[in-house]
Amino acid sequence: QVQLVESGGGLVQAGGSLRLACAASGRTFSNYAMSWFRQAPEKEREFVAAISRSGSTTVYADSVKGRFTISRDNAKNTVLLQMNSLKPEDTAVYYCARAQLSSYGVGRDAEGYSFWGQGTPVTVSS
């Protein structure tokens, strides 16, 4: 069964950087698009970034575009989220997710993803 484990979260000052990692189990990792979502207290879970199966296509939320970079290493079954120029508004629990279908692209809808990690918290101080 597919399992996703996020790591790399923590406390950082505004303007700083963090790199989140998602380690995935399973031999078919490269067949699925992957994504990052985040959820702040009392707010809806929101899309952050997605990456296609091969890593050739990426999509970002407007709020993070230019600051965050999603990447993947299919040989290591990992997805990364490099976060630069962090803002207090980025404070949230960040979740890694795998697409439900191998044919799914870089969608922004959480319903398109079937496997989720437990999340890693990110706190950005001002």
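Since the model is a prediction, treat every value here as computed from it, not as a measurement. (Residues numbered from 1 in each chain as written. Predicted model: local features only at pLDDT ≥ 70, side-chain atom pairs only at ≥ 80, totals over all residues. Heavy atoms only, no water.)

Draft legend 1. How the structure looks around the packing of aromatic side chains. The full count for this structure, using the stated rule, is 5 aromatic pairs. Seen in terms of ring centroids, Tyr104 and Tyr113 are 5.3 Å apart; in terms of plane orientation they differ by 90 degrees. Their pairing is edge-to-face. With a relative accessible area of 24%, Tyr104 lands in the partly exposed category. Tyr113 gets classed as buried once you look at its relative accessible area, which sits at 4%. Taken together, Phe37, Phe47, Tyr104, Tyr113 and Trp116 form an aromatic cluster joined through their ring pairs. (Phe/Tyr/Trp six-rings, centres within 6.5 Å; stacked < 30°, edge-to-face > 60°. Buried < 20%, exposed > 50% of the residue type's maximum accessible area, 1.4 Å probe, protein only.)

Draft legend 2. Local environment of the nonpolar core. Within the largest apolar cluster, 36 residues are counted, with the highest numbers of intra-cluster contacts made by Trp36, Leu81, Met83 and Tyr94. Contributing elements (two or more residues each) for this core: strand S3 (18–24), strand S4 (34–39), strand S5 (46–51), strand S6 (58–60), strand S7 (68–73), strand S8 (78–83), strand S9 (92–99) and strand S11 (120–125). In this view, Leu81 contacts Leu18, Arg19, Leu20, Trp36, Val48, Ala49, Phe68, Thr69, Ile70 and Tyr94; residues no more than four positions away in its chain are not counted. (Core = buried A, V, L, I, M, F, W, Y, C linked by side-chain atoms within 4.5 Å. Helix = DSSP H or I, 4+ residues; strand = E, 2+ residues; numbered from the N terminus. Contact = heavy atoms within 4.5 Å.)

Draft legend 3. The pairing of S9, seen in detail. Most of S9 sits out of view: 7 of its 8 residues are buried. Where S4 meets S9, 6 bridges bridge the pair, whose relative direction is antiparallel. Residue pairing across strands places Phe37 opposite Tyr95, the latter belonging to S9. As paired strands, S9 and strand S10 (residues 113–116) are joined by 3 bridges and run antiparallel to one another. By the bridge assignment, Ala99 is partnered in S10 with Tyr113. (Pairing = 2+ DSSP bridges.)

Draft legend 4. A look at the pattern of salt bridges. What the rule picks out here adds up to 3 salt bridges. Put simply, Arg38 and Glu46 hold a salt bridge, and the shortest N to O gap is 2.7 Å. Take Glu46: its relative accessible area is 35%, and that puts it in the partly exposed class. Between Asp90 and Arg67 there is a salt bridge, with its nearest N and O atoms 2.8 Å apart. Highlighted residues: Asp90 in the loop between S8 and S9 and Arg67 in the loop between S6 and S7, separated in sequence by 23 residues. (Salt bridge = Lys/Arg side-chain N within 4 Å of Asp/Glu carboxyl O.)

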